Amino acid sequence: MTIMGLGKTGLFSDVNPLCIHVIKAKSLARTLSQEKRSEYAEKLLTLVKVAKDKAANHPRHEKLDVSYRATFGKSEFFSPEQYEAILRVRSILDRIGISGVRQLAEVAAIRSLIPASRLIRRGDLRFKREAEERRGTENFIEAFSASLELIANDLQELTPSDGSIHQVGMSALENRYDDNIDAIITSPPYLNGTNYFRNTKVELWFLGYLNSKADLSAFREQAVTAGINDVTKGKSNRRDGRFESRKLDEIVREIAECAYDQRIPAMVRTYFNDMHEALRPAFAALTEHGRVCIDIGDSVYGGVHVPTDQLIVEIGERLGFKLKDDVTLRERMSRNGRKLRQSLIVLEKPSKGRVERISTRSRWQSFRTNLPHRKPGMAARNWGNKLHSLCSYQGKLKPAIASSLVDIFVGDDGSMLDPFSGVGTIAFEASLRGAASFALEISPSAFRISHAKLSRQSRSDIEDVLEKLEAFLSDYRASDFEMERALQIRFNKTLDEYFHPRTLNEILGARKFMALNDCSSPAVSFVHAALQHILHGNRPYALSRRSHPLTPYAPTGPFEYRSLMERLRAKIERSLDVDIGDRFREGHVWQMDATDPWPGEINNIDAVITSPPFFDSTRFYLGNWMRLWFSGWEAEDFRIQPQKYIDERQKTGFDVYEPIIRQSRERLKPGGFLVFHLGESKKCDMAEEIEKIAQPFFRTFDVFSESVEHCEKHGLRDKGSVTAHQYLVLQS
Ligand SMILES: C[S@@+](CC[C@H](N)C(=O)[O-])C[C@H]1O[C@@H](n2cnc3c(N)ncnc32)[C@H](O)[C@@H]1O
């Protein structure tokens, strides 16, 4: 009616014929010419006389009587006197020749049915209690006549409208109105048990829509499930278009545990499936930037809160909508004292450009289902570009996982950031595809490796660095002070126990050389990364006695001189042979604390994808001490620096992630993703903790756990208490 008042065109949809009848009568009244309205008003007033004076002369409507018995059995909703009057008025109405007049008169009649009955509408329709009964019942003919007069009067006063409204089935929206509707404004059934058909059964009967008990359930079958009586096997078993949501699963499970009637959890699940089905055609029908405004309230079942608004937002987002607003319209208390709210959700259909990203959902679903990194091929230890192995690193993500995440959330021409870059696995995968990649990393050791991998290397620049290094080392003699400082670092063994003295002298020289050289040079970083790789290991490429490539285990075997330059050149040769392809796009990496303000270049990006330190990692620097030392740390740094590392800081709380999440939100494009790859352990559910911090900034797109208890360990950090890898996917 409001749309008509504005002189615009509107569509309406409802499955209850009573509502459709009333809407049509109202819109008819609004479109009649002045002349017609006077004519109709007059006819309605004549009808008042007929009803008052001659109702008894009209026959009972036998068919209506039969349908009453067939539908309501022996229930006596009316006194015999009122019932008779109703049957006769029905006959009067049927004899009206002008359908518009009949439509309006029918509204007057249905408006008078409940006041003239033994029923009362208090939320739901029910029999009056004694006290209510004592207040009396209206006379049907009187009530009907008064309503006719009211409508006649309204007709005289109405201003005509140029607008129009038309009935439409929701499913027809999809095909008939593609991209044509500017806004959808609606108040769908709340999940509160209201049974709209039972509540309007008397009017539906009068209008001829109920001829047997089965008719009521047939209507319910078409409606959104909103009450337990609406739950039918057909509906709850329906699988197509099912709305899968972890949040909903949890709620349904909790309700099932405490519900007195198992139809309640079924109702909750079916309600959201139905809402999903109802909203789906809306997306196609809307224009770009078209909006859906939904008035909705949340509810509580057996003490379990059902955040209907949030779940509807989740449905909307799955369908490709973007949340524009969520306004509290009213707050109220549930029976058990919980605050409930009525809210207005505003969803917007993004422009075509963004609509493309709907398929992010299906790509993600496919990743979840197929776990490609576990399939033959991608599961291979050496899968991916060989430069991923430029330097081993404790905590490195499997390149196959990084590759899938970049495919899903960034694509070939997108942009991304990894604020906990490590050795740059994720950003490197983005660069390989030609996407814009940014990375932050606090550790000087990992930073160099990320920097080396995210740059397109020049063989001649590297050769240049190697020559300079060789010249530097040729007459290098480490000072006593330098050696003393180095030996102050004591973890499992001191440095002199790892290397032949000559090799150690060369390593000290190379460390000094690196400290003196420009760390912004990609070639220097490449050589640095290669040196870190060969520092320790268990094969001939390594400079150390027999140890481990990932973490410097106490060495064994003979002390023999291993030439640094020889092994370095061999490693560099192997690494430079790797083809990074024509699409490779250089990334940017900053050595910094990711909780500090991010560089301005990181802006308007498609995704932040990251794997922060796992919660259970104990003293991370133990596994990496030799490379950290080589990258410049002195003995005291091992005491001071870790305080800046998330590894340590998260032990006292997950608030440390707030600046990262907040800045992600600020730097992401609308609809962009923040994806965490996390470790779940018996001690800590990282996804749950981080999701809490993210709540003010992001909507949860998905949380998914991939058990790693029974599969091959990916690296040393998995050893210990990590039971699952979690993917926390947030969307802005
Ligand atoms: C699990 S690793 C990331 C591994 C990475 N995905 C890869 O494949 O190499 C976590 C990284 O976070 C880094 N880190 C810890 N605290 C940080 C901070 N405050 N700012 C930036 N990086 C930090 C650590 O140095 C470590 O490299």
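Calculation rules
Residues numbered from 1 in each chain as written. Predicted model: local features only at pLDDT ≥ 70, side-chain atom pairs only at ≥ 80, totals over all residues. Heavy atoms only, no water. Helix = DSSP H or I, 4+ residues; strand = E, 2+ residues; numbered from the N terminus. Buried < 20%, exposed > 50% of the residue type's maximum accessible area, 1.4 Å probe, protein only. Areas by Shrake-Rupley, 256 points an atom, 1.4 Å probe, with all protein chains shown as cover. Lys, Arg positive; Asp, Glu negative; His and termini not counted. Charge placed at Lys NZ, Arg CZ, Asp CG, Glu CD. Near = heavy atom within 4 Å. Polar contact = N/O pair within 3.5 Å; in protein donor to acceptor, adjacent residues only side chain to side chain. Pairing = 2+ DSSP bridges. Axes fitted to C-alpha atoms, helices over the stretch in contact; angles between N-to-C directions. Contact = heavy atoms within 4.5 Å. Domains from an automatic or database assignment. Expected span 1.5 Å × (residues − 1). Salt bridge = Lys/Arg side-chain N within 4 Å of Asp/Glu carboxyl O. Core = buried A, V, L, I, M, F, W, Y, C linked by side-chain atoms within 4.5 Å. Parallel < 35°, antiparallel > 145°, perpendicular 65-115°, else oblique. Left-handed = near helix turned anticlockwise from the far one by under 90°. Nonpolar A, V, L, I, M, F, W, Y, C, P; charged D, E, K, R; others polar.

1. Looking at the overall build of the protein chain
Stage number 1. Counting secondary structure elements, the protein chain contains 31 helices and 17 strands.
Stage number 2. Considered along the principal axes of its C-alpha atoms, the protein chain spans approximately 125 × 50 × 40 Å.
Stage number 3. The buried share among the 732 residues of the protein chain stands at 56%.
Stage number 4. When the accessible surface of the protein chain is split by element, carbon and sulfur atoms take 49% of a total near 32700 Å².
Stage number 5. Once the 106 positive and 99 negative side-chain charges of the protein chain are each reduced to a mean point, those two points are 4 Å apart.

2. Description of the site of the ligand
Stage number 1. If you check the shell around the ligand, you find 24 residues, and the closest are Tyr 393, Leu 397, Thr 425, Glu 441 and Ala 594.
Stage number 2. Between the ligand and Glu 441, the relevant distance is 2.6 Å, taken from an oxygen atom to a side-chain nitrogen or oxygen of the residue.
Stage number 3. Between the ligand and Ala 594, the relevant distance is 2.8 Å, taken from a nitrogen atom to a main-chain nitrogen or oxygen of the residue.
Stage number 4. Protein chains shield 97% of the accessible area of the ligand, which is 600 Å² for the free molecule.

3. Some remarks on the sheet that holds strand β11 (residues 415-418)
Stage number 1. The mixed open sheet is built from seven strands, whose spatial order is β13-β12-β11-β14-β15-β17-β16. Looking at which strands have only one partner, the edges of the open sheet turn out to be β13 (588-591) and β16 (699-707). Each neighbouring strand pair of the sheet contributes to a mean axis angle of 15°, computed without reference to strand direction.
Stage number 2. Sheet topology places β11 next to strand β14 (residues 605-610); two bridges connect them, and they run parallel. Bridging from a neighbouring strand, Met 416 pairs with Ala 607 of β14.
Stage number 3. Most of the contacts of helix α18 (residues 359-370) go to β16, to which it runs at about 15°, and overall it touches β15 (668-681), β16 and β17 (722-731).

4. Observations regarding the domain arrangement of the protein chain
How big an interface is tends to be reported as the loss of accessible area on association of its parts.
Stage number 1. Once the domains are mapped, the protein chain shows domain 1 (2-166), domain 2 (168-192 + 227-350), domain 3 (409-455 + 586-732) and domain 4 (457-579).
Stage number 2. Placing a centre on the C-alpha atoms of domain 1 and another on those of domain 2 gives a separation of 32 Å.

5. Concerning helix α5 (residues 80-94)
Stage number 1. The end-to-end C-alpha separation of α5 is 21 Å, in line with the 21 Å expected for 15 residues at 1.5 Å each.
Stage number 2. Among the residues making up α5, those that are buried are Gln 82, Tyr 83, Ala 85, Ile 86, Leu 87, Val 89, Arg 90, Ser 91, Ile 92 and Leu 93.
Stage number 3. Looking at the buried residues of α5, the elements they touch are α3 (34-54), α4 (62-72), α6 (99-113), α8 (140-157) and α11 (201-206).

6. Topic: the pattern of salt bridges
Between side chains of opposite charge, a pair can form as their charged atoms come close.
Stage number 1. Evaluated as defined, the whole model comprises 42 salt bridges.
Stage number 2. The closest approach of N and O atoms between Glu 203 and Arg 121, which form a salt bridge, is 2.8 Å. Pair noted here: Glu 203 is in helix α11 and Arg 121 is in strand β2 (residues 119-122), with a separation of 82 residues, a long-range link.
Stage number 3. One network of salt bridges, with partners in common, ties together Arg 60, Glu 62, Asp 65, Arg 69, Glu 84 and Arg 88.

7. Examining the sheet that holds strand β9 (residues 322-333)
Stage number 1. The four strands lie next to each other as β5-β6-β10-β9, forming an open sheet whose pairing is mixed. Edge strands, defined here as strands with exactly one partner in the open sheet, are β5 (181-186) and β9. Ignoring which end each strand starts from, the neighbouring axes of this sheet average 10° apart.
Stage number 2. As paired strands, β9 and strand β10 (residues 339-348) are joined by 10 bridges and run antiparallel to one another. Looking across to β10, one finds that Arg 330 is bridged to Gln 342.
Stage number 3. The sheet contacts of helix α15 (residues 263-285) involve β5 and β6 (286-297), and relative to β6 the element is tilted by about 155°.

8. Notes on the nonpolar core
Stage number 1. In this structure, Phe 409 and Leu 568 are the most contacted members of the largest nonpolar core, which totals 88 residues.
Stage number 2. Tallying contributions element by element places helix α25 (residues 522-535) first for this core, with nine residues.
Stage number 3. When residues of this core are assigned to domains, at least three fall in each of domain 3 (409-455 + 586-732) and domain 4 (457-579).
Stage number 4. Those residues in contact with Leu 568 that lie beyond four places of it in its chain are Leu 466, Leu 469, Val 527, Ala 530, Leu 531 and Ile 534.
Stage number 5. Within the second largest apolar cluster, 54 residues are counted, among which are Val 48, Ala 105, Ile 114 and Ile 141.

9. Some details on the side chain of Thr 723
Stage number 1. Structurally, Thr 723 is set in strand β17.
Stage number 2. Judged by relative accessible area, which is 12%, Thr 723 ranks as buried.
Stage number 3. Discounting residues that sit within four places of it in the chain, Thr 723 has contacts with Glu 680, Ser 681, Lys 682, Ser 707, Val 708 and Glu 709.

10. Looking at helix α19 (residues 399-409)
Stage number 1. Among the 11 residues that make up α19, 10 are buried, leaving the element largely enclosed by the rest of the structure.
Stage number 2. Packed against the buried residues of α19 are α18, α20 (425-433), β14, β15, β16 and β17.

11. Some remarks on the pairing of β10
Stage number 1. For β10, a buried count of eight out of 10 residues is recorded, marking the element as mostly surrounded by other parts of the structure.
Stage number 2. One ladder, built from seven bridges, connects β6 with β10; its direction is antiparallel. By the bridge assignment, Arg 291 is partnered in β10 with Glu 348.

12. A word on the packing of helix α14 (residues 246-258) against α15
Stage number 1. Between α14 and α15, the shortest axis-to-axis distance is 8 Å and the interhelical angle comes to 160°. The angle between α14 and α15 falls in the class roughly antiparallel. Note on packing geometry: the crossing formed by α14 with α15 is right-handed. Of α15, the residues touching α14 (which contributes Leu 248, Asp 249, Val 252, Ile 255 and Ala 256) are Ile 264, Pro 265, Val 268, Arg 269 and Phe 272.
Stage number 2. Of the residues assigned to the contact of α14 with α15, the class counts are eight nonpolar, no polar and two charged.

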